[in-house]
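Tertiary structure, described
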Protein chains: 8
Amino acid sequence: MPPVPYERLDKNDVVLLVVDHQEGLYQLARDQDPTSFKNNILAHAALGKVFNLPTVLTTSEETGPNGPLPREVLEMHSNAPLIKRPGQVDAWDNADFKAAVKATGKKQVILAGITTDVCTAFLALSLRAEGYTVFANSDASGTFDTKTAQDANDRMRAAGVHVLSMFAVACELMRDWRATPGAPEMMPYFDRYLPQYGFLARAHDASLQGGTPSGL
Amino acid sequence: MPPVPYERLDKNDVVLLVVDHQEGLYQLARDQDPTSFKNNILAHAALGKVFNLPTVLTTSEETGPNGPLPREVLEMHSNAPLIKRPGQVDAWDNADFKAAVKATGKKQVILAGITTDVCTAFLALSLRAEGYTVFANSDASGTFDTKTAQDANDRMRAAGVHVLSMFAVACELMRDWRATPGAPEMMPYFDRYLPQYGFLARAHDASLQGGTPSGL
Amino acid sequence: MPPVPYERLDKNDVVLLVVDHQEGLYQLARDQDPTSFKNNILAHAALGKVFNLPTVLTTSEETGPNGPLPREVLEMHSNAPLIKRPGQVDAWDNADFKAAVKATGKKQVILAGITTDVCTAFLALSLRAEGYTVFANSDASGTFDTKTAQDANDRMRAAGVHVLSMFAVACELMRDWRATPGAPEMMPYFDRYLPQYGFLARAHDASLQGGTPSGL
Amino acid sequence: MPPVPYERLDKNDVVLLVVDHQEGLYQLARDQDPTSFKNNILAHAALGKVFNLPTVLTTSEETGPNGPLPREVLEMHSNAPLIKRPGQVDAWDNADFKAAVKATGKKQVILAGITTDVCTAFLALSLRAEGYTVFANSDASGTFDTKTAQDANDRMRAAGVHVLSMFAVACELMRDWRATPGAPEMMPYFDRYLPQYGFLARAHDASLQGGTPSGL
Amino acid sequence: MPPVPYERLDKNDVVLLVVDHQEGLYQLARDQDPTSFKNNILAHAALGKVFNLPTVLTTSEETGPNGPLPREVLEMHSNAPLIKRPGQVDAWDNADFKAAVKATGKKQVILAGITTDVCTAFLALSLRAEGYTVFANSDASGTFDTKTAQDANDRMRAAGVHVLSMFAVACELMRDWRATPGAPEMMPYFDRYLPQYGFLARAHDASLQGGTPSGL
Amino acid sequence: MPPVPYERLDKNDVVLLVVDHQEGLYQLARDQDPTSFKNNILAHAALGKVFNLPTVLTTSEETGPNGPLPREVLEMHSNAPLIKRPGQVDAWDNADFKAAVKATGKKQVILAGITTDVCTAFLALSLRAEGYTVFANSDASGTFDTKTAQDANDRMRAAGVHVLSMFAVACELMRDWRATPGAPEMMPYFDRYLPQYGFLARAHDASLQGGTPSGL
Amino acid sequence: MPPVPYERLDKNDVVLLVVDHQEGLYQLARDQDPTSFKNNILAHAALGKVFNLPTVLTTSEETGPNGPLPREVLEMHSNAPLIKRPGQVDAWDNADFKAAVKATGKKQVILAGITTDVCTAFLALSLRAEGYTVFANSDASGTFDTKTAQDANDRMRAAGVHVLSMFAVACELMRDWRATPGAPEMMPYFDRYLPQYGFLARAHDASLQGGTPSGL
Amino acid sequence: MPPVPYERLDKNDVVLLVVDHQEGLYQLARDQDPTSFKNNILAHAALGKVFNLPTVLTTSEETGPNGPLPREVLEMHSNAPLIKRPGQVDAWDNADFKAAVKATGKKQVILAGITTDVCTAFLALSLRAEGYTVFANSDASGTFDTKTAQDANDRMRAAGVHVLSMFAVACELMRDWRATPGAPEMMPYFDRYLPQYGFLARAHDASLQGGTPSGL
């Protein structure tokens, strides 16, 4: 079989999009456990912080019932452009948002949003039509039910969108634990957002300070 | 990967079809909760009302056991052509219905009906053969069981029909909350037909009138 | 086998309790389809209206995020005592609520609330401890997930609570279609809250040639 | 049916036990999503903090592979007795732990631990044999798989242990949002550990500061 | 283990009740395949015919949407009392129905109806309270969904009702193929209502008329 | 916990009943794979042969569509009483059958038949009413579907019938591989009716004759 | 609720029984993953070794197709009585086995075997009839399918047998990591038979020798 | 359909890669039973030993929480290059690892690792981009959950990776039981890592030494 090229995330050529992860809209996402989904929303935003990625935040009518972005997300990205869309559902229809994305000069996009079938999919499809390479962080998008999520993911894949987990996105971005960000930045990231890995590291570090042999 | 075009609903180039949502036939649709399905039938018709779309209603032998359309649907569309088909199963076989659709001059079609595998699918396949871009509102079509619904949706997709949820249809049509219809029209629409969103808005509005801090 | 007595709802000896069916708390109920659950909440309140039952409404901190009762419920019961509990989780701990229930002089209670495991169960257990015969309308209580709902229903049953569907509650109350309320009141009730029955009546009425009206 | 007494948590007569929620043992708990389970462990410990309950922490050989308690738990309970069991599996076999529990003078116990079938169940069974009223917070105990969890919960229930969710435990303890702890303490608690409720409150509070009507 | 008495259907001491098997109400029964359910309704009525059991038919407001009994049922029982209840939900509340049942002088009752949780269960519970031995033909009762059917069957069993299949009811009644009714009556019965048995008999009979040896 | 007596099959005090395992009726049994079920029917009959148990065969109207017993069963038991019931469904209603069973003087009964809910259950219930200890070989009874099988097994268990697998029946009867029957009789029995055990033995025996080491 | 006594394993009053864990019979056990089941068989035998429990091994016709015990089991217990039952299915019927068990003078028994429904259950029921306290290690018994395993476990529980996991058995026996056996013996035991715990210990010990901080 | 070439493992042209099978990372793999997964990790490494394949081991930051390779793996491959990657996530980014693989001169690669979606997939995709024929031993790769494993396997397959079981890999490599390695080497391999096959062989061999006929 001939070689197959490996399309790979490049932290120097990617922009992170946080799309309508609003505290009101969050209630509509019923295809995930609410505790995990909040965690995944914060983990998505934190990718921009930890990798120092150009990040564009956007909300839809946030003074209304959709509500604001979680304060944790806003605190992480206090300097990022936050495009408060006055009405456009597909963020690509908003000139400021489009300009903010284009201003980054990046060719790759990571995105996630609420709901998967509307906010994530409409934007992903618009970006693919524009020629971007699009990576959808599937852990951080939510919608009404599992069937709607699957249909929306399928619709995106059919347009060439890469649908990936948060862990795969983070590791493809990092590539090397010695890079910056590397272990000193990513271990706290995983401690916070991937606790099975975090507790592994914590127990390890604890054993470096006065640990006693197990008896093995 | 090269760009992939985004085929998108355009409220100025679309006709809404209400196909055999009759009160008798309704009893045959057992792939959805009856309460949700009635809600979805009304929500489908209401799309035409709220977006002021040219709408064509049709029934099959409505003085027989199939029964009439729900009075709520008729009241919404008292001026729309209602083609009472004397016998044709596929509405496209009825010359009046065909004429009514063609008279709108639209190139896109949104449709839903009972049953999914017969009334919706036959018409959708005929429309695709004729060159229309077809969007099937999957929430508003019902049939005997889930398997039949899936098979019918797959058959339509294979012919290039877009199978979408009501929410995706409504949002692709609206595009902008400031458009007309926009928030003042669509929020009452969602309050009625998507109560998880409606209650979000109600609670928000209530808090604008004498709400007290949560204690957070 | 010896006879077994039939414990039966008596519309003349029953009080209806609407417990924390608030528009904010509604978002926490994820063990039911949101459209059906809103319908079931309204159907519960409407039992009091249609049967002219003494009804006691109660909310928990309604100016906060829990939100108010749906306006549809309030409009139905504009003359009923609405005990806005300033803090008590178990409504029975609120002296006004307790007094309002006791003032009815009834020995049977129908109740439903959000969440099933807290607002419904705590009150039901307190009422059983007090000697009331308690009927929980299971269609109109919601909580975080199915397992929590089952555990809460089991806990209530273990204390002698009757856990019934809305239809069984309504029919045990009515007993006779000629009573008041009877067909003229209950058919519109079912048309609204049990649409599979309503559409049956509508189709019947549409066909009326020698039949008699349904009462709709 | 005769009245049935309601056995109810009393925050003035209860001791909270944190049993072997250690960072190493955490890896053994595979009957829950790891993100939710970490959240539930912290929520369990936080009950003691927010209700100012006498709390006893215990670990099993924590300098070995079992690891220490999470630092978040230790920080919450820096003044609580932490009984580092040098070997006893059933904490009740440890004289210091037993003394610490007895010193509280309480008759009710809330507990959770890893693993459910060993650390939680052995202690719960010993406490029941001693006459305590025992409430097991089922959300905060974890073990190898669902079947083992169910068997262990059944074994505890057979000995009269109450197996409850975190939300039911918290609300039975609080009883009144105006108590202390009440809204000002419990809303931040739920914001942290029950995010679907927290985001409800956040969106509410946001709308108190410049919110605009929804359009409804 | 000591002997256990066998409570057994006695065709000489039993009355058959056909309860609200009406053509309209039939649409509400969604816990069975519609084709099988019609078959089971006719099979239930035919038990009375083939065993010459005193049979009491009853309907609820049959000129309304509930509709009449299927003509097949009426033709089978043209001489049986048909109590058209003007309103009573629980047939036992209707004096004529009660009198008709009591007039049979029987101590055992076989019944089935639509819906299981209302029409079947209310009557069965009333009959048990009155001291009758009650056999519910579970194949011939239908309701909104499986859960409701199970709850209703459980509620009846808790009151001592026997919940049996049609085949078990028919065979306990017949007892002997030589009795009257016996083979000449029951084989056509099974041919009609239990086609797997009917086709066995047909193939058998075909081979008696011009059949040729199989070669076995 | 006090000792619990062990009720145990005794080959010297048991009669085997083959009930309506007829070639026509066999078509009705669809709760088992047809190949396995034929195997289990033969295995049941073979228990009588291999343990030299007094055996009573019975059929229901065997010249009709129910058909005869399989020739394999008849050949095994050419000397056993074969009570061709001219009509009785419950074999206990047949005086010859009853006499044949009583003539054995045994106090324990093993039985199986088609269908489980009628032929097996009616007889088992009659035997329990008469004071027999009854063991139902569940592998060798068949009926319309799994639910009917479960209900019938439950009904029998409620009357004190032991419902066991063929393997447990065979092993409780044999008790000792050196008894007669023992290995020389039972290994061929298992070879024929429990092929996973038979093939184990065959491979073992093959290796005794010219076997070559596996390479281990 | 009154106190409930805690029946607890006592390593000084217990005998371990290895029942027919033979290499041929092993093929019959298809209710467990074969790799896990071999592991569980070895873990069961190793309990006797590590706790120095009086252990009695028994096989059924081991020179036949049932095959010998695994060499790993034999090597662990080269000095234990190995009762090669010449024929008895229920080991309690073998005088030598009975004598060997009685000779230990213990009142508690831990057992496991193949198959669960025959070798384990028959012996467990006999031991309960004799007054022993019986603990069945459910992880180390196997049979034809899950249903048969469940039925057999239920039958044992009904006679007062405790059905427990290997981990619960091991921990109830050990009670204290400082006892003998304690950590130095049990950690290697768990490393071998509960690898998720073993790898936790290994990684811990590795970090004691040159581990470097995680970066947290 | 035209012929499809069979791309087949060739033991003379393949290199085995052991990727991050580290004792800490092992805890993250929750899509397999932990006992089976440890077995599968050892079986993967043992393929290199038994087929004398050039093998390259690699770890990621093994002095940190990821931990070392299991000592069993290290002992098998004490002479193989062990590339302790100081940071690269995708092993192909490590020059030493790349050189070690290239130095073997092989064109086929067998690999497995933790986690499937990161360590296995990234390397497999890089190898496919480089033109290697890649075989992923799916039994020996683990990750967070089943869905992530499926998505990662699909992603690899889309790039032409063969995803195979351990048994298929071993048999494609061996090809002939008479080859070297053949039966004398592979039977002990399967005895250890595929115990259902091993016990078959053991029982066979036992019967060669003093076995007695089964009685068949």
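Residues numbered from 1 in each chain as written. Chains lettered and ligands numbered in written order. Predicted model: local features only at pLDDT ≥ 70, side-chain atom pairs only at ≥ 80, totals over all residues. Heavy atoms only, no water.

Quick look at unusual backbone geometry now. Ile-114 of chain E connects to Thr-115 of chain E through a cis peptide bond whose omega is -5°. Inspection of the secondary structure assignment puts Thr-115 of chain E in the loop between strand S4 (108-113) and helix H4 (116-130). The amide bond that connects Thr-180 of chain F to the next residue, Pro-181 of chain F, takes the cis arrangement and shows omega of 0°. Within the fold, Pro-181 of chain F resides in the loop between helix H6 (166-174) and helix H7 (183-193). At Arg-175 of chain A, a position not held by glycine, the phi torsion is positive, near 65°. (Helix = DSSP H or I, 4+ residues; strand = E, 2+ residues; numbered from the N terminus.)

Its rotation angle being 72°, the transformation that places chain E on chain C also includes 0.0 Å of axial translation and leaves an RMSD of 0.2 Å. The transformation relating the two chain copies, once decomposed into turn and shift, fits a five-fold axis. With a heterologous cut-off of 20% or less, the 3% of interface residues of chain E that recur at the interface of chain C puts this contact in the heterologous class. (Least-squares fit on C-alpha atoms with pLDDT ≥ 70 in both. Contact = heavy atoms within 4.5 Å.)

This part covers a negative patch on the surface. A cluster of like negative charges, contributed by Asp-33 of chain A, Asp-145 of chain C, Asp-33 of chain D together with Asp-145 of chain H, occupies part of the molecular surface. Mapping Asp-145 of chain H onto the fold places it in the loop between strand S5 (133-137) and helix H5 (146-158). According to the relative accessible area criterion, Asp-145 of chain H is partly exposed, its value standing at 35%. (Patch = residues over 30% accessible without salt bridge, like charges linked within 9 Å, V, L, I, M, F, W, Y side chains within 5 Å. Areas by Shrake-Rupley, 256 points an atom, 1.4 Å probe, with all protein chains shown as cover. Salt bridge = Lys/Arg side-chain N within 4 Å of Asp/Glu carboxyl O. Lys, Arg positive; Asp, Glu negative; His and termini not counted. Charge placed at Lys NZ, Arg CZ, Asp CG, Glu CD. Buried < 20%, exposed > 50% of the residue type's maximum accessible area, 1.4 Å probe, protein only.)

Right, let's get into the interface of chain D and chain C. Opposite the 27 residues of chain D that make contact, chain C presents 32 residues. Buried surface at the junction of chain D and chain C, summed over both partners, amounts to about 2,400 Å²; 61% is from carbon and sulfur atoms. Contact with chain C buries area across many residues of chain D, yet Met-1, Tyr-6 and Leu-200 of chain D alone supply 24% of it, more than any other trio. Where chain D meets chain C, there are two salt bridges. A salt bridge links Asp-93 of chain C to Arg-8 of chain D, with the nearest nitrogen and oxygen atoms 2.5 Å apart. (Buried area = accessible area lost by both parts, 1.4 Å probe.)

The next subject is the side chain of Arg-8 of chain B. Checked against the element boundaries, Arg-8 of chain B lands in the segment before strand S1 (14-19). When neighbours within four sequence positions are excluded, Arg-8 of chain B is seen to be in contact with Asp-90 and Asp-93 of chain A together with Gln-108, Phe-135, Glu-172 and Arg-175 of chain B.

This part takes up the interface of chain E and chain C. Taken together, the contact between chain E and chain C spans 31 residues of the former and 30 residues of the latter. Summed over both sides, the interface between chain E and chain C buries roughly 2,500 Å², with carbon and sulfur atoms accounting for 61% of that surface. Linking chain E with chain C are two salt bridges, by the criterion used here. Across the chain E-chain C interface, the total number found is nine residue pairs in polar contact (both at pLDDT 80 or more). Looking at the side of chain E that touches chain C element by element, the count peaks at seven residues for H4 of chain E. (Polar contact = N/O pair within 3.5 Å; in protein donor to acceptor, adjacent residues only side chain to side chain.)

Here we come to the sheet that holds strand S2 (residues 55-60) of chain F. Residues and elements named next belong to chain F. With respect to topology, six strands assemble into an open sheet ordered S3-S2-S1-S4-S5-S6, the strand pairing being parallel. Edge positions in the sheet fall to strand S3 (82-85) and strand S6 (162-164), since each of these pairs with one other strand and no more. The average angle at which neighbouring strand axes cross in this sheet is 20°, direction not considered. Pairing of strand S5 (residues 133-137) with S6 involves three bridges; the strand directions are parallel. Each residue of the ladder has a partner; that of Ala-136, found in S6, is Val-163. Contacting strand S1 (14-19), S2, strand S4 (108-113) and S5, helix H1 (residues 34-50) runs over the sheet at an angle of about 150° to S1. (Pairing = 2+ DSSP bridges. Axes fitted to C-alpha atoms, helices over the stretch in contact; angles between N-to-C directions.)

Next up on the list: the UniProt feature "domain: Isochorismatase-like" (unreviewed entry) in chain A. Feature annotation in UniProt assigns "domain: Isochorismatase-like" (unreviewed entry) to the following positions: residues 15-165 of chain A. In this annotation, residues 15-165 of chain A is assigned 39% helix and 19% strand; the end-to-end C-alpha distance for the span is 17 Å. (UniProt positions renumbered as here; feature names shortened; annotations may be inferred.)

Structural remark: α-helix, 3.6 residues per turn; residues separated by three or four positions point the same way. All names here are of chain E. Helix H6 (residues 166-174) sits mainly inside the fold: nine of its nine residues count as buried. Taken residue by residue, H6 has Met-166, Phe-167, Ala-168, Val-169, Ala-170, Cys-171, Glu-172, Leu-173 and Met-174 as its buried positions. Positive backbone phi, approximately 65°, marks Arg-175, located one or two places after H6.

It is worth spelling out the pattern of salt bridges at this point. One pass over the structure, following the stated rule, counts 90 salt bridges over all chains. Close ionic contact of Lys-102 of chain H with Glu-130 of chain H constitutes a salt bridge, the shortest N to O distance being 3.3 Å. Taken together, the residues Lys-102 of chain H in helix H3 (residues 95-103) and Glu-130 of chain H in helix H4 (residues 116-130) connect sequence positions 28 residues apart. Residue Glu-130 of chain H is classed as partly exposed on the basis of its relative accessible area, which comes to 36%. In this structure, a network of salt bridges that share partners links the residues Glu-23, Lys-38, Arg-71 and Glu-72 of chain A together with Asp-191 and Arg-202 of chain D.

Among the secondary structure elements, Phe-199 of chain B is positioned in helix H8 (residues 195-207). For Phe-199 of chain B, a relative accessible area of 0% puts it in the buried group.

Our next topic: the pairing of S2 of chain F. Within a regular strand, side chains alternate between the sheet's two faces. Residue and element names in this part refer to chain F. Most of S2 is tucked away: six of the six residues are buried. One ladder, built from four bridges, connects S1 with S2; its direction is parallel. In the sheet register, Leu-16 faces S2, and the bridge partner there is Thr-55. Here S2 pairs with S3 via four bridges, running parallel. Residue pairing for S3: Thr-58 is matched across the bridge by Ile-83. In this fold, the crossover linking S2 to S3 by way of helix H2 (residues 71-76) has right-handed handedness. (Right-handed = clockwise from strand over helix to strand, strands pointing away.)

Further remarks concern the domain arrangement of chain A. Residues and elements named next belong to chain A. One can read the domain layout of chain A as domain 1 (14-175) and domain 2 (177-216). At the interface, 14 residues of domain 1 touch eleven residues of domain 2. Note on domain 1 versus domain 2: buried area summed over both sides is about 1,000 Å², and carbon and sulfur give 76% of it. For domain 1, the biggest contributors to the area lost against domain 2 are Val-50, Phe-167 and Met-174; these three give 49% of the whole. Taken together, domain 1 and domain 2 are joined by zero salt bridges. At the boundary of domain 1 with domain 2, the tally comes to two residue pairs in polar contact (both at pLDDT 80 or more). If you list the elements that add at least two residues to the side of domain 1 that touches domain 2, you get helix H1 (34-50) and helix H6 (166-174). The leading source of residues in the side of domain 1 that touches domain 2 is H1, at six residues. Its residues placed into classes, the side of domain 1 that touches domain 2 shows twelve nonpolar, one polar and one charged. (Domains from an automatic or database assignment. Nonpolar A, V, L, I, M, F, W, Y, C, P; charged D, E, K, R; others polar.)

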